[in-house]
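Structure assessment
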Amino acid sequence: MSNDIAPVFDSIVTALKKEKVIAYPTEAVFGLGCDPDSENAVQELLTLKNRSWEKGLILIADNYGRLCPYIDAEQLSDEQKETIFSFWPGPVTWVIPAKKTTPKWLTGKFSTLAVRVTDHPLVNQLCSLYKKPLVSTSANLSGLEPCRSIEEVRQQFGSRIPVLEGEVGGRENPSEIRDALTGELYRQG
């Protein structure tokens, strides 16, 4: 990591440690994120988006191991795991049974959790430096289109949210969402 990039990551990691919501580029749009273990940060994120906790959230990570504390991989067959891994890293989010210890502020009203191993280099680096996955939901106010640039993030949220500066990955649509147990498509990517 070059020295001119380090301060940007340092300020974002510091914001995460202080239970703040951040914005960052993903494969298609900017995401809003926070520390998944901070109920305060998740509540702030939900309030910003005017989003019900019942819907649940997505966790995004740089590798599968960071997601393991939150998901019950024992419920997946070897074939199901192979299918998941064949799409990762990449823009496919999988809904996997959650561990009983996974907080309701992440799962919402479900017994599952949506998770993704991203191939976006900046998010990979951020998760690696933070040593945790991040909550990931599109950066937009309720009823508005997801932000695709730093300027759009600032237009919708002002300067109250730290932004990891960078470009989105160029995909047209947010991540595809599939059920890991059944393969059912929930959202087209």
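Structure: above.
These figures come from a predicted structure and were not determined experimentally.

What counts, and where the lines are drawn
- Residues numbered from 1 in each chain as written.
- Predicted model: local features only at pLDDT ≥ 70, side-chain atom pairs only at ≥ 80, totals over all residues.
- Heavy atoms only, no water.
- Pairing = 2+ DSSP bridges.
- Helix = DSSP H or I, 4+ residues; strand = E, 2+ residues; numbered from the N terminus.
- Axes fitted to C-alpha atoms, helices over the stretch in contact; angles between N-to-C directions.
- Buried < 20%, exposed > 50% of the residue type's maximum accessible area, 1.4 Å probe, protein only.
- Phe/Tyr/Trp six-rings, centres within 6.5 Å; stacked < 30°, edge-to-face > 60°.

1. A word on the sheet that holds strand β4 (residues 92-97)
Backbone-to-backbone hydrogen bonds join strands into a sheet, with any given pair of strands oriented parallel or antiparallel. One open sheet accounts for eight strands, arranged β1-β2-β6-β3-β5-β4-β7-β8; its pairing is mixed. In this open sheet, the two strands that pair with only one neighbour each are β1 (22-25) and β8 (185-187). Neighbour-to-neighbour, the strand axes of the sheet open up by a mean angle of 40°, direction not taken into account.

2. Looking at the pairing of β4
The buried fraction of β4 is high, at six of six residues. Both β4 and strand β7 (residues 176-179) contribute to a ladder of four bridges, which runs parallel. Each residue of the ladder has a partner; that of V92, found in β7, is E176.

3. Comments concerning the packing of aromatic side chains
Aromatic ring pairs: the centre-centre distance and the angle between the two ring planes describe each pair. For the structure on display, the rule yields four aromatic pairs. Grouped by ring-pair contacts, the aromatic residues Y64, F85 and W88 constitute a single cluster.

4. Some points on the environment of L59
Counting through the fold element by element, L59 comes out in strand β3 (residues 58-61). Sequence-wise, L59 and L134 are 75 residues apart; in three dimensions their C-alpha atoms are separated by 5.4 Å.

5. Quick word on the pairing of strand β5 (residues 112-117)
The element β5 is extensively covered by neighbouring structure, given that five of its six residues are classed as buried. Inspection of the sheet shows β3 paired to β5 by four bridges, in the parallel sense. Within β5, the position partnered with A61 by the bridge is V117. Bridge count for β4 against β5 is four bridges, and the pairing is antiparallel. Within the sheet, the bridge partner assigned to V95 lies in β5 and is A114.

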